[in-house]
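Chain by chain, the residues run as shown.
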Amino acid sequence: MTRGPAGAGWPSAPPPPAWDGMSWHLSDVAELPAMREDLRRSHEVGGPSDLRDRLLLVLDEMASNALRHGGGHVEAAVRRTGDAFLVAVSDGDTRTPPTPAVDRDPAHGGLGLYLIAELSTAHGWFVEGHAKTVWAVLPR
């Protein structure tokens with residue numbers, strides 16, 4: 001595993017250990033609605049509906065960013081860490097760290113990383129082999 005320069009507010013660090021959960025292999029943004037529906041219907045994610053909504057939002061932001069900017073093949077997962085959930089998304093762009101938009105009109109997008117940071121208790125990214133993984137931990 002290698003670490004690169006940290007993006008603004010996005011430390012280069014591995015995630016906490018996680019197990020059990022759901023994962024998806026994605027190659028196009030057209031697959032995102034099915035991924036969201038899988039997570040909505042899942043029994044893996046128990047708890048209040050606002051938790052499921054937060055997980056959906058974070059997963060969708062990360063996966064859509066990876067599909068748009070990450071060089072193709074994307075793997076997304078939601079797993080348990082004990083008292084929280086780990087959302088992790090890997091793509092093939094190992095050279096570009098997650099970089100939140102700076103000085104941009106919100107109407108032009110680019111604020112998803114800020115939103116993810118606000119909803120999570122920890123977040124980061126790392127490179128392993130030919131994949132970059134961006135991750136966030138959301139409390140139950």
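Up top is the structure these notes are about.
Here the structure is a predicted model, which means the values were calculated and not measured.

**A closer look at the nonpolar core**
Argument step 1. By size, the foremost hydrophobic cluster in this structure holds 30 residues, and its most contacted members are Trp-24, Leu-26, Leu-39, Leu-55, Leu-59, Met-62 and Val-78.
Argument step 2. For this core, the secondary structure elements donating two or more residues are strand S1 (19-26), helix H1 (32-41), helix H2 (49-69), strand S2 (74-80), strand S3 (84-91), helix H3 (112-119), strand S4 (122-128) and strand S5 (131-139).
Argument step 3. The element contributing the most residues to this core is H2, with nine residues.
Argument step 4. Residues within four places of Leu-59 in sequence aside, it is in contact with Trp-24, Met-35, Leu-39, Ala-76, Val-78, Val-87 and Val-89.
Argument step 5. Listed in part, the six residues of the second largest apolar core include Ala-84, Leu-86, Phe-126 and Trp-135.

**Here we look at the layout of surface pockets**
Argument step 1. Taken as a whole, the second largest pocket holds about 150 Å³ of empty space.
Argument step 2. Looking at the second largest pocket, the residues that line it are Ser-23, His-25, Glu-75, Ala-76, Ala-77, Arg-79, Leu-86, Ala-88, Val-89 and Ser-90.
Argument step 3. Elements supplying a minimum of two residues to the lining of the second largest pocket: S1, S2 and S3.
Argument step 4. For the lining of the second largest pocket, the class distribution of residues is five nonpolar, three polar and two charged.

**Some details on the pattern of salt bridges**
Argument step 1. The final tally for this structure, using the stated rule, is five salt bridges.
Argument step 2. Across the salt bridge formed by Arg-54 and Asp-50, the nearest N and O atoms sit 3.7 Å from each other. Of the two residues, Arg-54 and Asp-50 are both situated in helix H2; the distance of four residues between them amounts to about one turn of the helix.
Argument step 3. For Asp-50, a relative accessible area of 42% corresponds to the partly exposed category.
Argument step 4. The shortest N-O distance in the salt bridge between Asp-91 and Lys-132 comes to 3.7 Å. Within this pair, whereas Asp-91 is found in strand S3, its partner Lys-132 is found in strand S5, the two being separated by 41 residues in sequence.

Analysis parameters
- Residues numbered from 1 in each chain as written.
- Predicted model: local features only at pLDDT ≥ 70, side-chain atom pairs only at ≥ 80, totals over all residues.
- Heavy atoms only, no water.
- Core = buried A, V, L, I, M, F, W, Y, C linked by side-chain atoms within 4.5 Å.
- Buried < 20%, exposed > 50% of the residue type's maximum accessible area, 1.4 Å probe, protein only.
- Helix = DSSP H or I, 4+ residues; strand = E, 2+ residues; numbered from the N terminus.
- Contact = heavy atoms within 4.5 Å.
- 1 Å grid on protein atoms, 1.4 Å probe; cavity = no way out; pocket = protein on both sides within 12 Å on 5 of 7 lines; lining within 4 Å.
- Points joined across faces, edges and corners; volume = space filled by probe spheres on them.
- Nonpolar A, V, L, I, M, F, W, Y, C, P; charged D, E, K, R; others polar.
- Salt bridge = Lys/Arg side-chain N within 4 Å of Asp/Glu carboxyl O.

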